[in-house]
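The chain contents come next:
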Amino acid sequence: MGGSDMSAVPLALLRTESELPFVGYQEGVQFQLVQANIESGYWVGCTWSTGRGERRRGSVHTLHVPASNTEVTDVWFVIHGANLNLDEAGNVESVLDAGAALEIYRAQCAAAGHAAPAVIGG
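Scope of this entry: the structure provided in the associated data block.

About the thresholds
- Residues numbered from 1 in each chain as written.
- Predicted model: local features only at pLDDT ≥ 70, side-chain atom pairs only at ≥ 80, totals over all residues.
- Heavy atoms only, no water.
- Helix = DSSP H or I, 4+ residues; strand = E, 2+ residues; numbered from the N terminus.
- Contact = heavy atoms within 4.5 Å.
- Areas by Shrake-Rupley, 256 points an atom, 1.4 Å probe, with all protein chains shown as cover.
- Buried < 20%, exposed > 50% of the residue type's maximum accessible area, 1.4 Å probe, protein only.
- Pairing = 2+ DSSP bridges.
- Polar contact = N/O pair within 3.5 Å; in protein donor to acceptor, adjacent residues only side chain to side chain.
- Expected span 1.5 Å × (residues − 1).
- Arc of directions from axis to C-beta.

## Some words on the overall build of the chain
Right, so step 1: When you go through the chain residue by residue, the secondary structure sums to one helix and eight strands.
Right, so step 2: Helices (α) and strands (β) of the chain occur, in sequence order from the N terminus, as β-β-β-β-β-β-β-β-α.
Right, so step 3: Taking contacts inside the chain between residues at least 6 apart in sequence as the whole, the part at least 24 apart equals 52%.
Right, so step 4: About 8,000 Å² of surface is accessible on the chain, with carbon and sulfur atoms providing 54% of the total.

Structure, rendered in C-alpha cells:
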C-alpha cells in the first residue's frame, strides 16, 4: 500500500479554556493564544473585554462594544502576518506577530502562575 502512514497524524487538535488560560494583555482585556505558527506567520487567539465602547490601541481597526452590552465580549481572531500598532501620528509603535504573541502569552501565563500553556504549534 502506497502513501504515508496517517495513523501518526492526529485527526483534530483541541484545546479547552482550562488548558489555555486567559491572561492580562492590556487594561480591561484578557488574552488566550490557541495556535501560533511562526514559520507560516499566523496565529489564532481569543480576547475578552469587560469594557464597553471603542478600543483602538493604535491600529487601523476598531472594535466597538455597544454600551447596552452588559456581558463580557468575546472576540476570536485569526491573523496572517503581523498586527502593526500605530502611535497618534500614524507611525509604527510596535509589531505583534505570531512569535511575539507566543512570547507575550507564555510570559503572562508564567507571571500569573500558570503552567506552560499547550498552544498548538507553540
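## With respect to the pairing of strand S7 (residues 83–86)
Right, so step 1: Residues Asn83 and Asn85 point to one face of S7 and are all buried, whereas Leu84 and Leu86, pointing to the other face, are not buried.
Right, so step 2: Where S7 lies against strand S8 (residues 92–96), four bridges are found, and the strand directions are antiparallel. Bridge pairing in S8 links Asn83 to Leu96.
Right, so step 3: Here S7 folds back onto S8, and the loop between the two strands holds five residues, one of which, Gly90, carries a positive phi near 90°.

## Focus: the environment of Asn83
Right, so step 1: Structurally, Asn83 is set in strand S7.
Right, so step 2: Along the primary structure Asn83 and Ser94 are separated by 11 residues, whereas in three dimensions their C-alpha atoms are 8.4 Å apart.
Right, so step 3: Of note is the side chain of Asn83, whose polar atom sits 3.3 Å from the side chain of Asn85.

## Overview of the side chain of Gln32
Right, so step 1: If you trace the backbone, Gln32 turns up in strand S2 (residues 29–37).
Right, so step 2: Within polar-contact distance, the side chain of Gln32 engages the backbone oxygen of Leu20 at 2.4 Å.
Right, so step 3: Those residues in contact with Gln32 that sit more than four places away from it in its chain are Glu17, Leu20, Pro21, Phe22, Val44, Gly45, Cys46, Trp76 and Tyr105.

## Considering helix H1 (residues 98–111)
Right, so step 1: With 14 residues, H1 ought to run about 20 Å at 1.5 Å a step, and its terminal C-alpha atoms sit 20 Å apart, in line with that.
Right, so step 2: Along H1, the residues that are buried comprise Ala98, Ala101, Leu102, Tyr105 and Cys109. Buried residues along H1 cover an arc of 95° about the axis, so they all sit on one side. For H1, exposure combined with an orientation more than 90 degrees from the buried face picks out Glu103, Ala110 and Ala111.
Right, so step 3: A distance of 3.3 Å separates the backbone nitrogen of Gly99 from a side-chain oxygen at the start of H1, and that oxygen is part of Asp97.
Right, so step 4: At the C-terminal side of H1, Gly113 shows a positive phi close to 85°.

Everything listed is a geometric property; what it means functionally is a separate question.
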